[in-house]
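A structural walkthrough
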Amino acid sequence: MSAGLADLLHDAAVLHRFVDFIEEYCKEQERSQTYADASGLFFQYVEKLAAGVKQELGKEIERATRFPKRLPLLRSNIWTLKNYLRLLHALIKPAADAHTLTIPAPLVDLASQQLQRVERMKNSSIVILLTSELMYFQRPHTDIKDQARIVESFIPKASFPPKLGFIELPYSQGPSFFTNLAIYHEIGHFVYEELSNSDPLHPDMAALKSAVVRSVRKALGNGAKDPEAFAIAVRIIENWIQEIFCDLFAIRLVGPAFSFAFVEILGMLGFLSQNATLKFNPTHPAAACRFAEHVNLLRDDLWWNAIANVDADQKKLLERLAKLPRSSYKFYLDEKTLGPQRLVQVFLDVVVPAIRKLVRQVTPENATAVKRFENARSSIEDCLRVGVVPHTPTAGAPDPVSVINSAFCFYLTSLPKVVKQFEGVKAENDVAVHSLWTRRLEMWTMKAIEDAQMQDRFRRIKGAVL
Amino acid sequence: MTSMDLQDRAQYLSLALFSQKVVSALMEYVDENKSARLKPSLGEALESLLHAKHPSVSSRQRVAAFNSYEHLRTLEEVWSARDRGKAIRMIRAVIRAPKSPKTKAVADELIHLFSELQNQALWNFEQPKPVSQRVMQRLCRLA
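In this text the structure is predicted, and so the values were computed from the model without any measurement.

Here we come to the interface of chain A and chain B. Across the boundary between the two partners, chain A contributes 51 residues, which contact 38 residues of chain B. Those elements giving two or more residues to the side of chain A that touches chain B turn out to be helix H3 (71-97), strand E2 (137-139), helix H5 (142-154), helix H6 (183-197), helix H7 (203-220), helix H8 (227-254) and helix H13 (341-362) of chain A. Its residues assigned to classes, the side of chain A that touches chain B comprises 26 nonpolar, 14 polar and eleven charged.

In structure tokens, the structure reads:
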């Protein structure tokens, strides 16, 4: 055997062992755990791919014996395939860890159901991953899908499931509820990617893309002819678009509770200092700019009126940051280096109006959600005040969006009173007791959502109103 | 927020896989006289190379490669402007006359060009570099 062939055989055997392991690992997870939404579909894809790769490796060796001059190319091919599996490898373990005992499954189910009502997202599904970072992520899937499509041309039996999104939660926040509302923002990234890649483009997405080209050309002038500078400017604007789109998308689906959750998360991460809130960077628009968009949308959708009597610091912060003048926003490339300010200007003038329009067009109208919240809020809060799962005596479980927003308002304004009522005056300043009651409040909220889902499923099956 | 570790590098891997697809189709054609995958693969490559000359985002979803900073950067690293022109001419020649005996030699040269691109993309995937300071400075000057 030639040295080149021996090297190729060695590489192929290493890859064979690798895929063999992940195939068995996925099968074992499916046998031993229960998963929300689409994790099973993802594991099945990996299993089929692994089986196909093992077959393909045999063909590559056979090819190498027939055409020895191609040995270096065939080694590169194995290397490329191995790297694709490496990308999947990074998803498999976090997906396996995210079984129903470690994530807020009712919230994931609810978000997944709501996603079906978003334009062009019917039959889409979500794989939840648990990350070691204290941050929520959406794992961009366009590259993986593009790669999977090419890999499918070599391994035809392995088709990547269509409309599959990957959302990452910090493992420490798995059992929480309120901060996990951030998954709606991450689902927004998934929706944005799907809309960006749909063919033909949604008309409002096409308008947004045109606005990006117009704005970059306007900002760069003749410099727009420089392909690399143009590509980087487009990427920066695209990054900003996605963050604003996802915030507004989340608000359209769950209302002001998302804004409150977002304030909590940024506060937890220390991103709410006066200077930080005004800074755009290459990946994110300034928090003040984002909050201005939150408040605008909440006002337009009448949520702001519905929470007029909520006297919470989080709401005041939203209002204060939203009022800061646009001229105070600054774009920094890193900690110290000022970036091209014209990009911010064209983004706000040309691009943001197109984002607002796109979000409105693709998400369901929510006027009835606001009304339902206004009607149900006091009875939900009454339940929470006496320590029981929110329910209505006559109409069954209240709708989940009302439960989420009422519970969040209650958490922000009334938790100290509940602590005092149940635990006595001595517990008023006890951090551990506050933490415990927050946890209880979250569990009641989550149970109310689960009840509503059960009832909804029952109605659909029976085809009758309870 | 989007995860930044493997995600940035994934673009390089996409380019490596794209190059592999082109190389595999060309190898099948040169070594085994099979041309079923030749036209679709080369057609995508041609369209992508032509698109790289005139950057825009409106047609992003229609081209298979050279539509991102990472792809363009790798292309710049491996192929000179002359190489790109040569690749375009060679792809056209293969698509135009796949049965001509001279075309296999042209296809072999294309295999060499695309495998260089694949290897550089794999290298960049392993050793990703941040956006070049030169490009950032250019952007600041232009905007």
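Before going further, it helps to spend a moment on the environment of Thr445 of chain A. All names here are of chain A. As for its position among the elements, Thr445 is in helix H16 (residues 431-462). On the basis of neighbour counts, which here come to 28 C-beta atoms within 10 Å, the residue Thr445 falls in the buried class. Along the chain, Thr445 and Asn405 lie 40 residues apart, while their C-alpha atoms are 9.9 Å from each other. Setting aside residues up to four positions removed in sequence, Thr445 forms contacts with Phe177, Val403, Ile404 and Ala407.

Take unusual backbone geometry next. Residues and elements named next belong to chain A. Put simply, Asp199 and Pro200 share a cis peptide bond, and its omega is 5 degrees. With a phi angle near 65 degrees, Asn123 is a residue other than glycine that sits in the positive phi range. One non-glycine residue, Lys163, adopts positive backbone phi at about 50 degrees. The residue Lys163 is located in the loop between H5 and strand E3 (164-170) in this model. For Lys163, a count of 17 C-beta atoms within 10 Å gives the class partly exposed.

Another aspect to go through is the nonpolar core. Judged by nonpolar contacts, the single largest core of 184 residues is most densely connected at Ile128, Ile183, Ala233, Ile237, Phe245 and Ile355 of chain A together with Leu26 of chain B. The dominant element in this core, judged by the number of residues it contributes, is H8 of chain A, at 19 residues.

As a further point, take the environment of Pro161 of chain A. Residues and elements named next belong to chain A. By secondary structure assignment, the location of Pro161 is in the loop between H5 and E3. The spacing of Pro161 and Arg457 is 296 residues in sequence and 25 Å in space, taken between C-alpha atoms. Beyond its immediate stretch of four places on either side in the chain, Pro161 contacts Ala38, Leu41, Phe42 and Tyr45.

All names here are of chain A. Per the domain assignment, the segments of chain A are domain 1 (3-193), domain 2 (200-362) and domain 3 (367-462). In this structure, domain 2 and domain 3 have C-alpha centres spaced 31 Å apart. Facing 14 residues of domain 2, the contacting portion of domain 3 comprises twelve residues. Tallying contributions element by element places helix H9 (residues 256-269) first for the side of domain 2 that touches domain 3, with three residues. When its residues are assigned to classes, the side of domain 2 that touches domain 3 shows ten nonpolar, two polar and two charged.

Calculation rules
Residues numbered from 1 in each chain as written. Chains lettered and ligands numbered in written order. Predicted model: local features only at pLDDT ≥ 70, side-chain atom pairs only at ≥ 80, totals over all residues. Contact = placed C-beta atoms within 7 Å. Helix = DSSP H or I, 4+ residues; strand = E, 2+ residues; numbered from the N terminus. Nonpolar A, V, L, I, M, F, W, Y, C, P; charged D, E, K, R; others polar. Buried ≥ 20, exposed ≤ 12 C-beta atoms within 10 Å, placed from the backbone. Core = buried A, V, L, I, M, F, W, Y, C linked by C-beta atoms within 7 Å. Domains from an automatic or database assignment.

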